[in-house]
Amino acid sequence: MTLPRLHVVTDDDVLSDPGFDDRAMALIRAHRSAVALHLRAPETPVRGLLERAERLGSAARDAGTLLVVNDRVDVALATGIPAVQLGRRSIPVQAARGLLGDAAVIGCSVHGAGEAASASENGADFVLIGTIWETPSHPEEPGAGLPLVREAVADSSAPVLAIGGVTPERARRAVAAGAWGVALIRGVWHAEDPAVAAAEYLNAMGTGS
């Protein structure tokens, strides 16, 4: 499987929107394997995340969309979703690999080039590094800028994705700096039409769907 260049991540507010399922389904139908959809909801009860993963799982499989469960390896196992995104509070990459198997897609969120190198050495299939530009979701963290992307790309044997304040133009610049792609929340979910917004990012990176 070719790793998508655009990773669209949820948060608790996005998932609480009554229209989320319809918007997510439209995104999946429009862009299929060109996007990855991350279910991230640290404050949402596990049962709610499990039900959402079950609803979207079959549509994602049919469309060839990579559906990723963030942090909750148990939810991934329970729903048969073979992809997870791990962070500092998650179980280690190698432990997740042991639970999910060699065919699983495992991403790891990092904040420095050394962490990116370590994650790739431990078997992560991709690393997500940030915060590259300032973002309202992490107001206490100034953007590290593209030098961090370049350092991570140089040190990691796994593809690197940039996150944090990514606009379509910044996505283009991140890829020019060596990133495989980008991940974001607001740029897609806060748009009037998420599928149209996603197309703008894909086009900026030279990857139409």
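Our structure's up above, just so we're on the same page.
Everything numeric in this text was worked out from a predicted model, so none of it was measured.

Colleague: It is not clear to me how the side chain of D11 should be interpreted in this structure. Could you clarify?
Modeller: Considering the arrangement of structural elements, one finds D11 in the loop between β1 (6–9) and α1 (12–16). Lacking a salt bridge, the buried D11 has R186 as its closest oppositely charged neighbour, with an N-O distance of 4.9 Å. The residues contacting D11, other than those within four sequence positions of it, are R40 and I185.

Colleague: Would you mind going over the packing of helix α2 (residues 20–31) against helix α10 (residues 194–204) with me for this structure?
Modeller: Relative placement of two packed helices is described by the angle separating their axes and the distance separating the axes. Running from N to C, α2 and α10 cross one another at 40°; their axes reach a closest spacing of 8 Å. The angle between α2 and α10 falls in the class oblique. α10 is crossed by α2, and the crossing has right-handed handedness. Between α2 and α10, the residues in contact are R23, A26, L27, A30 and H31 and P194, A195, A198, A199 and L202, respectively. Among the residues making up the contact of α2 with α10, the classes are represented as eight nonpolar, one polar and one charged.

Colleague: For this particular structure, what's the right way to read the packing of aromatic side chains?
Modeller: The relative placement of two aromatic rings is captured by the distance of their centres and the angle of their planes. Following the criterion strictly, the structure yields one aromatic pair and no others. For the ring pair F20 and W189, a centre distance of 5.1 Å and an interplane angle of 55° mean the geometry is tilted. Within this pair, whereas F20 is found in helix α2, its partner W189 is found in helix α9 (residues 186–189), the two being separated by 169 residues in sequence. Summarising the burial analysis for this pair, F20 and W189 share the class buried. It is R5 that lies over the ring of W180; its NZ or CZ is 3.6 Å from the centre.

The rules behind the values
Residues numbered from 1 in each chain as written. Predicted model: local features only at pLDDT ≥ 70, side-chain atom pairs only at ≥ 80, totals over all residues. Heavy atoms only, no water. Helix = DSSP H or I, 4+ residues; strand = E, 2+ residues; numbered from the N terminus. Buried < 20%, exposed > 50% of the residue type's maximum accessible area, 1.4 Å probe, protein only. Lys, Arg positive; Asp, Glu negative; His and termini not counted. Salt bridge = Lys/Arg side-chain N within 4 Å of Asp/Glu carboxyl O. Contact = heavy atoms within 4.5 Å. Axes fitted to C-alpha atoms, helices over the stretch in contact; angles between N-to-C directions. Parallel < 35°, antiparallel > 145°, perpendicular 65-115°, else oblique. Left-handed = near helix turned anticlockwise from the far one by under 90°. Nonpolar A, V, L, I, M, F, W, Y, C, P; charged D, E, K, R; others polar. Phe/Tyr/Trp six-rings, centres within 6.5 Å; stacked < 30°, edge-to-face > 60°. Lys NZ or Arg CZ within 6 Å of the ring centre and 35° of its normal.

Just distances and angles here, no functional claims.
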